Amino acid sequence: MSNGFSNSSVGRKVLMALSGFFLITFLTLHFVINFLSVFSADLFNMASHFMGTNWIIQFLMQPVLMFGTLFHLGMGINLELKNKAARPIKYAMNKANENSSWISRNMLITGIMILLFLGLHFYDFWIPEIQDKFVDGIWDNPTKYFPHLVHKFEDPIRVIIYCVSFVFLALHLLHGFQSAFQSAGFNHTKYTPLIKKLGYLFAIVVPLGFIFIAVFHHLCSH
Amino acid sequence: MNLTLKVWRQKNKEDKGGLVTYPVTGISEHASFLEMLDVLNEQLITQGIEPVAFDHDCREGICGMCSLYINGEAHGPDRKVTTCQLHMRMFKDGETVHIEPFRSKAFPVLKDLVVDRGSFDRIQQAGGFISVNTSGNTQDANALPIPKPMADKAMDAATCIGCGACVATCKNSSAMLFVAAKVSQYSYLPQGQVERKERVLNMVDQMDQEGFGNCTNTGACEVECPKGISLEFIARMNKEYLNASTSSEK
Ligand code: HEM
Ligand code: SF4
Ligand code: FES
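What counts, and at which threshold
Residues numbered from 1 in each chain as written. Chains lettered and ligands numbered in written order. Predicted model: local features only at pLDDT ≥ 70, side-chain atom pairs only at ≥ 80, totals over all residues. Heavy atoms only, no water. Pairing = 2+ DSSP bridges. Helix = DSSP H or I, 4+ residues; strand = E, 2+ residues; numbered from the N terminus. Contact = heavy atoms within 4.5 Å. Axes fitted to C-alpha atoms, helices over the stretch in contact; angles between N-to-C directions. Phe/Tyr/Trp six-rings, centres within 6.5 Å; stacked < 30°, edge-to-face > 60°. Buried area = accessible area lost by both parts, 1.4 Å probe. Salt bridge = Lys/Arg side-chain N within 4 Å of Asp/Glu carboxyl O. Polar contact = N/O pair within 3.5 Å; in protein donor to acceptor, adjacent residues only side chain to side chain. Nonpolar A, V, L, I, M, F, W, Y, C, P; charged D, E, K, R; others polar. Near = heavy atom within 4 Å.

(A) Molecular detail of the sheet that holds strand β2 (residues 18-24) of chain B. Residues and elements named next belong to chain B. Here we have 5 strands laid out as an open sheet, ordered β2-β1-β5-β3-β4, and mixed in their pairing. Lying at the two open borders of the sheet, with one neighbouring strand each, are β2 and β4 (73-74). Sheet analysis places strand β3 (residues 69-70) next to strand β5 (residues 96-100), joined by 2 bridges and oriented antiparallel. Its bridge partner lying in β5, Ile70 is registered against Ile99. Docked against the sheet, helix α1 (residues 33-46) engages β1 (3-9), β2, β3 and β5, running at close to 90° with respect to β2.

(B) Spotlight on the packing of aromatic side chains. All names here are of chain A. Across all of its chains, the model carries 30 aromatic pairs over all chains by this definition. Consider the rings of Phe31 and Phe35, whose centres lie 5.4 Å apart with planes at 50°: the pair is tilted. Of this pair, Phe31 and Phe35 both sit in helix α1 (residues 9-39), separated by 4 residues, roughly a single helical turn. For the ring pair Tyr162 and Phe166, a centre distance of 6.1 Å and an interplane angle of 70° mean the geometry is edge-to-face. Taken together, the residues span about one helical turn, with Tyr162 and Phe166 both in helix α7 (residues 156-183) at a distance of 4 residues.

(C) Geometry of the interface of chain B and chain A. Each partner contributes residues to the interface: chain B has 49 residues there, and chain A has 40 residues. Counting the surface chain B buries against chain A, the share from its top three residues, Lys171, Asn214 and Asn217 of chain B, is 17%. Between Glu80 of chain A and Lys171 of chain B there is a salt bridge whose closest N-O contact spans 3.5 Å. Taken together, the links from chain B to chain A amount to 26 residue pairs in polar contact (both at pLDDT 80 or more). Elements represented by at least two residues in the side of chain B that touches chain A include exactly β5, α4 (165-169), α6 (196-209), α7 (220-224) and α8 (232-245) of chain B. At 9 residues, α8 of chain B tops the list of elements feeding residues into the side of chain B that touches chain A. Within the side of chain B that touches chain A, the residues separate by chemical class into 21 nonpolar, 17 polar and 11 charged.

(D) A look at the site of ligand 1. Lining the immediate environment of ligand 1, one finds 24 residues, of which Lys13, His72, His172, Ser179 and Ser183 of chain A sit closest. At a separation of 2.7 Å, a nitrogen atom of ligand 1 approaches a polar side-chain atom of His72 of chain A. Backbone polar atom of Thr216 of chain B to an oxygen atom of ligand 1: 3.2 Å apart, as the coordinates give it. Within the residue set of the shell around ligand 1, elements represented by two or more residues are α1, α3 (55-85), α5 (107-135) and α7 of chain A. Taken together, the residues that form the shell around ligand 1 break down as 13 nonpolar, 10 polar and 1 charged.

The following block contains the structure:
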C-alpha cells in the first residue's frame, strides 16, 4: 500500500505549495507594513512596534514563520536532489527553451538567491532586534524602527543588493505563484488564467514596491 | 536530402555507449524520420556495420513505441507528433541531427536507441484498470449514463499512448503527465469509481518506486506530448491523491 502522504512525490508537492502560500501571505503582510514607511514614520513605527512586541506574533507566529521558511527550503532542496538523481545521464543536446521558461526550471537558483538575501536581511534587522530585546532587555522603544530603517538604506551598496534580490524574488514568484495552485490540485478552465494573471501582477508589483521603498529611503536620507 | 547524423550507440545495458557520426544520403523530404533511419540502416548493412536499434511498431502515431530525443527534443522539432509521424522536411539539407535515446533512470537503455519503458507497465499494473466481472453477466457499458463533458474529458485523458516523451522531456524526469492521464481517465467515469482512491494511491506509489522525479510545473511535458495531454490532469491527479489520502475509507 501507499508509503504515506509526506513521503510521496505528490504529497511533497502539495506541502511545498502550502509552504509557498504561507510565505506569500507573510510577504504580503511584510510588504504592507513596509509601505507604511513611505507615508508616515509614525504609522510605520506603530505597526513595527506592534509586530515586535505582540506576544502572539513574537512567540507563536515568528517560530511558525521560521519553520515554514526552513521547511520550504529543505523540501525544495530535497525534491531538487531527487529530480537530479532521476536522470543520471544527461542529453548531449537538449533544447529546454523550446518547451519551458528559464524561471520555471531554475526555482532552486532563484530560491537560493532569496536565501542569501535573507542572511543579509537578518543581519540588518533581525539581529539588532534580538540584541535590543533579549540582550539589552529593552522591549519598549516604539520610535526606534523608522530611524533604523532609514539608517540602513543610506548605504548605496546595500540598496543595490536589496534591489537585485527583489528581482530574484520576482522571478521566483513569477513561476511560483501559479505553480502552487497547480501543485495543490487547483486547475480550472475559467479561474486558472485569472490566477496566472494575478500571479504575474503580484510577482511584479510586490518586489517593485520593495525596490521603491529601498530607493525612496535612500534618496530621502541624502 | 543529405544529412550528418550523430547517433547514440550502446551495445547493451552495461556498455557506456557514445555518439557516433554517420552520413546519410538521398533522403526524401517526404520520408518519415523512422524511414530515414531505415535508409541509414540499409547503408550500414552494406558497409558491414551493425544497424542501429530503435523502437517502433505502428508507424502511425497510435502505439507509442517510437521514442528518440532528436536535436534536443522528444520526438524532434515538430509539435503533437510522434517520431514515426515526423517528416524529414522539418530538417534542412546538410543539417547535423543528434539522435539520443530517452533519458531517465526509470527508462534504462537496452541497446542503442531502445529503452526499457517497463516502469510505465508496472505503474499501469498498480491501478490503471477497472475490475469487471466477465463471467457472462457483464453489464453493457452503454447502459450507464455518462454526461457528455465527462466523457469528453475522459477521452482527452485516454488519448495518452504511454510513449514517455513527457518523462524524456521533463527536467526532473517526472512521469506525472502520464500517470495523471491514466488516473484521470477513470476518475471521470462511473466505471472508475469503485477503485478510485486505491488507484491513485497505488499508481503514485509505484511511480515513486520506479525512480521518476517530482513535477515542478515547468509545463515542458505538455508542449512535447504528441497527444497534447493537458497539465490540468496533473492538478486533477494531485487533488485525487489529496482526497484519497485524507479519507479513511479507501
Ligand atoms: C529561502 C529561500 C527559498 C528557496 C531555497 C526556495 C526554493 C524553492 C524551490 C526549490 C521550489 C520548488 C520549485 C517548484 O516546485 O517549482 C519553490 C517553490 C515555491 N516557492 Fe520558494 N524558495 C525560497 C523562498 C521563497 C519565498 C520567500 C517565497 C514567497 C514569498 C517562495 C514562494 C514559492 C512558491 C509560491 C513556490 C511554488 C510552490 C509549488 O510549485 O508548489 N519561496 N521554492
Ligand atoms: S502523457 Fe503524452 S508524452 Fe506522456 S506518455 Fe502520454 S502521450 Fe506520451
Ligand atoms: S511507431 Fe507507433 S507511435 Fe510511432
